[in-house]
Amino acid sequence: MTSALSTEHFTATQNACKLCAPLGAALVFKGIANTVPLLHGSQGCSTYIRRYMISHFKEPLDIACSNFGEDTAIFGGGANIKLAIDNIRRQYDPDLIGVATTCLSETIGDDVPMFIRTYQADHRDEDLPALVHVATPSYQGTHMQGFHGAVRALVSALAEPEPAREPTRVNLFAGMVSPADLRALRTIIASFGLTPVLVPDYSDTLNGPLWTEYQRIPEGGTPVAALRQSGAAAASIECGLVLAGAGETAGTWLHENRNVPLHRLGLPIGIRQTDRFFDCLAALSGRPVPEKYTAQRGRLLDALVDGHKHLNGVRAAIFGEEDLVAGLAGYCGELGIVPVLCATGGGDGRFARTIRRVVPAAQHDRMQILEDVDFVDIEKALADMDVDLLIGHSKGYTMARRLKKPLVRVGFPVHDRVDGSRLAHLGYRGAQQLFDRLANTLIEEKQKSNAVGYTYY
Amino acid sequence: MASIPILEERQAQIHQKGSQPFEMDCGKHSLAGSVSQRACVFCGSRVVLYPIADALHLIHGPIGCAAYTWDIRGALSSGPELHRMSFSTDLRERDVIFGGEKKLAAALDELIDQYKPKAAFVYSTCIVGIIGDDVAAVCRQVEKAKGIPVLPVHSEGFKGTKKDGYKAACDAMAKLVGTGATDKIAPVSINILGEFNIGGEAWLIKKYYEEMGVEVVSIMTGDGRVDEIRRSHGAALNVVQCSGALTFLAEMMEETYGIPYIRASYFGIEDMATALYDVAAHFNDHAEVMARTRAIVRREVGAIMPELERIRKDLDGKRAAVYVGGAFKAFSLIKALRHLGMRVVLVGSQTGNASDYATLQDMCEDGTVILDDANPLELSKYIIEKRADLFIGGVKERPIAFKMGIGFCDHNHERKMPLAGFAGMLQFAREVHTSVTSPVWQFVPARAAAMAAGEETP
């Protein structure tokens, strides 16, 4: 394993395989009902992040900003944040404003929690939106730290103390997954008679229908009231095998401070991790897995058998967010795809361990795991490898094109296809869709390179 | 319909022609919390320098600024493509505490050895000045060691607006201008400034000028090369497109090298023709240039007119909204849309100045909404009120249009086809036509209601 920046030898990051922390936080806030994200810093941060996310989600995506000027950087951002909150309230009338800091406001040392307390004190007689702050300096961690940090900030700021336990309420912290995945998870949990509270849930706000009337804030998202009740849940489920090793998450906070039992599972990708997810829900609800899902699982296994020859022994490189890569690597192991390269731009030390745990031991000596790397590192590693397939987000396209290897697009961002929001990765349906896409991609490659032009495979 | 509130502080940047005395309160820092469509100083610099294809563009700061500007523009290169990569010093916490100079020097050292660029631009992002890095000193040191120009770009995001970023980019380029040999440059010669070769537009335009008998010494910065910029002071005339992005450099070159400049726009038939005729007029002691120009315009216009006429029949009377970065592009688009029979019901820009808005006001019909530094709520409010059939803007404006079922034409940096030049005008017309005439609009709830009420025809 190499870590590009773990030594004294400094090196530049070329074509990053990660994004900055405020993006993750902004995405989380987009998944709370009637909420406006506010980035405390310069105008560019919010505009760039909007542009980047709009290219994927293809939805209006308003993110406010406190518009630092030169004076602000000298005197601090207190006045700007106040003005920004005032203007957001007047324009959007939100239930919540999610404030994420940028590297600028963090570096000058703005005390945002104090600014928020002052604002609340100055407006104590008004019906204020909830104001939640998360520290997201982009020099500390990636967009995933921003994402998980914002989820934790929301529950720790809002979960009311000493709630009456609600035996069917389940908090789900699924991580950075697609709107289609969020929708699937919500439906799965509800099918056990449980009441799911997804934090965040941007399945409607970032994948909604056309509008008849203009919506200042797109409809959908987890209501602030549900966040306030998150301490009343019978359990929390937190997805992500890498995240499961993190000390301070939304799940651990609710466990430690509101006594909500925490189940730390992998992302439900593939057979085993999805089985574990369903087993957990069955145990929590005391109900068996609904027939609809056993049928889905049955059809999936049937498809796996029908198409197994297309995938067994195929060599794949997987890149992207730690937990998505870990989940996909595990699924690849189940299909016989050898994940010869697992790479992430993040790097918290748990990635390599996790990958080795989910991939069959027999494949370990053929597998390279790279943490805290960029696309130039990844491409360099692939130059000496014989891979059939790349699995990752669309920023890997440049590399795939040069290597002349097919890229199966997953996760975020997918800037070069129309279906980024609709891609399913999770549950048996997600596993089915992934399997179909992987197998079809390989068949298409065979057809392209085959001289006979078979019309059947 | 729930009314969309407009902030009081924003009222002076929103006008409806004919309804009140017109005085645009523009050129201001964006209002906190307003959700401006603008970016920052860094963005301004990055946009201008991005297409220089044989230079290293190193972004000094945490990862975000580099990640979000990796290969995001259709600025084509006929040779090297170093500009399509993203380089960052990727500052971490300890760099913020102990300073990032060592890391910057090491990154430059490594990248210059690896990619052998002709020059390096080092962009400062927000925190660089605050942590006290002396970027200029590092650049001088590396320049000496490596023997290529290493140019600091003072583009800290919060230090002004996007326009200040343009200026910072021009300041950096100004250090290159005048350092190359100018022998063998013809007396009838120009630099094309403010043309970024999106979808190959600069190539189209260069071809017209060359056919006129005008040598194009450099294009700044489309399909840009460091050596061409270095010798650009040998040209007889600067032709400047784009509101202001490269005007700073043109002014500097006029002052230092006595090179006059004229403005141009390459969008739409009239403006494209004017851009050629103005250059021909400048070289009026070469009569053959004007004669050739007339022939080119006649030929090119003749080639596109039949299809434009057919497209116009479908678009006649449709309503368009335009929101772009620079006001100059808006001028051209208004004229181009008129050519297609369309009416402009909303027009705005991120960076227009008072005289730009006065011009816009003169060009527009009564009732047209004119905005400066607008936000999504304002744009939505007025495209709905004005019942636009088409919105012209960039990626951030696209979903605003689509959610309400309004056609869209991307006229920003992400476009992949040339919309400039005569051939580009035809592409533009086809783009607009493809969107506006799609049958999907009949299923859009907001428009289906209007159609049912007889307010709109399918």
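Residues numbered from 1 in each chain as written. Chains lettered and ligands numbered in written order. Predicted model: local features only at pLDDT ≥ 70, side-chain atom pairs only at ≥ 80, totals over all residues.

Quick look at the overall build of chain A now. Broken down by element type, chain A carries 18 helices and 14 strands. Over its C-alpha trace chain A gives a radius of gyration of 22 Å, about what one expects of a compact globule, namely 23 Å for 457 residues. Across the 457 residues of chain A, 58% fall into the buried class. (Helix = DSSP H or I, 4+ residues; strand = E, 2+ residues; numbered from the N terminus. Rg over C-alpha atoms; globule rule 2.2 N^0.38 Å. Buried ≥ 20, exposed ≤ 12 C-beta atoms within 10 Å, placed from the backbone.)

It is worth spelling out the interface of chain A and chain B at this point. Each side of the interface is counted separately: chain A has 58 residues, and chain B has 65 residues. Those elements giving two or more residues to the side of chain A that touches chain B turn out to be strand 1 (13–14), helix 2 (43–57), helix 3 (70–75), helix 4 (78–92) and helix 5 (103–107) of chain A. By residue class, the composition of the side of chain A that touches chain B is 25 nonpolar, 22 polar and 11 charged. In the sheet, strand 1 of chain A pairs with strand 3 (residues 87–88) of chain B via two bridges, with the strands oriented antiparallel. By the bridge assignment, A:Gln14 is partnered in strand 3 of chain B with B:Phe87. (Contact = placed C-beta atoms within 7 Å. Nonpolar A, V, L, I, M, F, W, Y, C, P; charged D, E, K, R; others polar. Pairing = 2+ DSSP bridges.)

On to the sheet that holds strand 4 (residues 119–124) of chain B. Backbone-to-backbone hydrogen bonds join strands into a sheet, with any given pair of strands oriented parallel or antiparallel. Spatially, five strands are ordered 1(A)-3(B)-2(B)-4(B)-5(B) in an open sheet, and the strand pairing comes out mixed. Every other strand in the sheet has two partners, leaving strand 1 of chain A together with strand 5 (150–153) of chain B as the edge strands with one partner each.

Looking at chain A, pLDDT values average 96 and 98% of them are 70 or higher. This stretch, residues 1–7 of chain A, has a pLDDT under 50; its non-local contacts, to residues over four places away or in other chains, come to 14 contacts. (pLDDT = per-residue confidence, 0-100.)

Residue and element names in this part refer to chain A. Taken together, the four strands give an open sheet; going across it, the order is 7-6-8-9, and neighbouring strands pair in parallel fashion. Of all strands in the sheet, those bounded by a partner on one side alone are strand 7 (195–198) and strand 9 (262–265). Each strand of the sheet is rotated relative to its neighbour by a mean of 25°, with strand direction disregarded. Contacting strand 6 (166–173), strand 8 (233–239) and strand 9, helix 11 (residues 270–285) crosses the sheet at an angle of about 165° to strand 9. (Axes fitted to C-alpha atoms, helices over the stretch in contact; angles between N-to-C directions.)

Now for the environment of A:Ala73. Locating A:Ala73 in the fold gives a position in helix 3. Here the alpha-carbon distance between A:Ala73 and A:Ile108, two residues 35 residues apart in the chain, equals 6.8 Å. Non-local contacts of A:Ala73, meaning those with residues more than four positions away in its chain, are made with A:Phe68, A:Leu104, A:Ile108, B:Ile130 and B:Phe158.

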